[in-house]
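Listed below are the residues making up each chain.
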Amino acid sequence: MVRIIGIHEMSNDTVDTQILLVEDEALIAMAESHMLEKQGFRVKTVLNGTDAIREGLKNEIDLILMDIDLGRNRMDGTEASKKILEQRDVPIIFLTSHSEKEYVSRVRGITRYGYILKNSGIFVLFQAIEKALESFNQK
């Protein structure tokens with residue numbers, strides 16, 4: 001069971017949540033990973049859908065932050081998420097820099113844990129993670 005904490009309580013020695021960050025842009029992945037680790041999360045980063053499936057099926061992953069658009073002519077985050085959820089129940093929060101209706105529509109029905117715009121800010125992201133973990137643990 002993952003310990004749920006408030007954002008004001010986050011520190012390197014109080015959080016043992018393992019997050020899988022799926023982001024195809026290496027610089028963005030490094031920045032997001034650093035931000036999450038600074039708040040005490042353990043983070044595994046992958047850059048494509050195939051690696052996301054492989055890592056997402058591992059039991060040590062507590063939550064997945066999944067970029068929807070993983071690059072041209074590649075498996076996108078929605079497809080990778082569906083494949084993970086076919087074999088394992090894990091909370092997935094979708095991340096994207098797109099706010100167009102088509103992107104929101106692509107994630108509808110895949111998971112109920114949320115959709116976050118990448119530039120929403122650290123507080124919004126951490127609140128989404130906390131809510132997703134709480135909801136998942138109450139099932």
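Residues numbered from 1 in each chain as written. Predicted model: local features only at pLDDT ≥ 70, side-chain atom pairs only at ≥ 80, totals over all residues. Heavy atoms only, no water.

Some words on the nonpolar core
Then, in step 1: With 18 residues, the main nonpolar core has Val22, Ile64, Met66 and Phe94 as its most contacted residues.
Then, in step 2: Every residue in contact with Ile64, bar those within four places of it in the chain, is listed here: Leu20, Val22, Gly56, Ile84, Val90, Pro91, Ile92 and Ile93.
Then, in step 3: Listed in part, the 17 residues of the second largest apolar core include Leu36, Val43, Ile93 and Ala128. (Core = buried A, V, L, I, M, F, W, Y, C linked by side-chain atoms within 4.5 Å. Buried < 20%, exposed > 50% of the residue type's maximum accessible area, 1.4 Å probe, protein only. Contact = heavy atoms within 4.5 Å.)

Remarks on the sheet that holds strand E1 (residues 18–22)
Then, in step 1: Strand order in this open sheet of 5 strands is E2-E1-E3-E4-E5, and the pairing throughout is parallel. The open sheet terminates on both sides in strands that have one partner only, identified here as strand E2 (42–46) and strand E5 (115–117). Mean inter-strand twist for the sheet, computed between neighbouring axes without regard to direction, equals 20°.
Then, in step 2: Sheet contacts for helix H1 (residues 26–38): E1, E2, strand E3 (63–67) and strand E4 (92–96); angle to E2, the most-contacted strand, approximately 170°. (Pairing = 2+ DSSP bridges. Helix = DSSP H or I, 4+ residues; strand = E, 2+ residues; numbered from the N terminus. Axes fitted to C-alpha atoms, helices over the stretch in contact; angles between N-to-C directions.)

A closer look at unusual backbone geometry
Then, in step 1: You will see that Asn73, though not glycine, has its phi angle at about 55°, which is positive.
Then, in step 2: By the element assignment, Asn73 lies in the loop between E3 and helix H3 (77–87).

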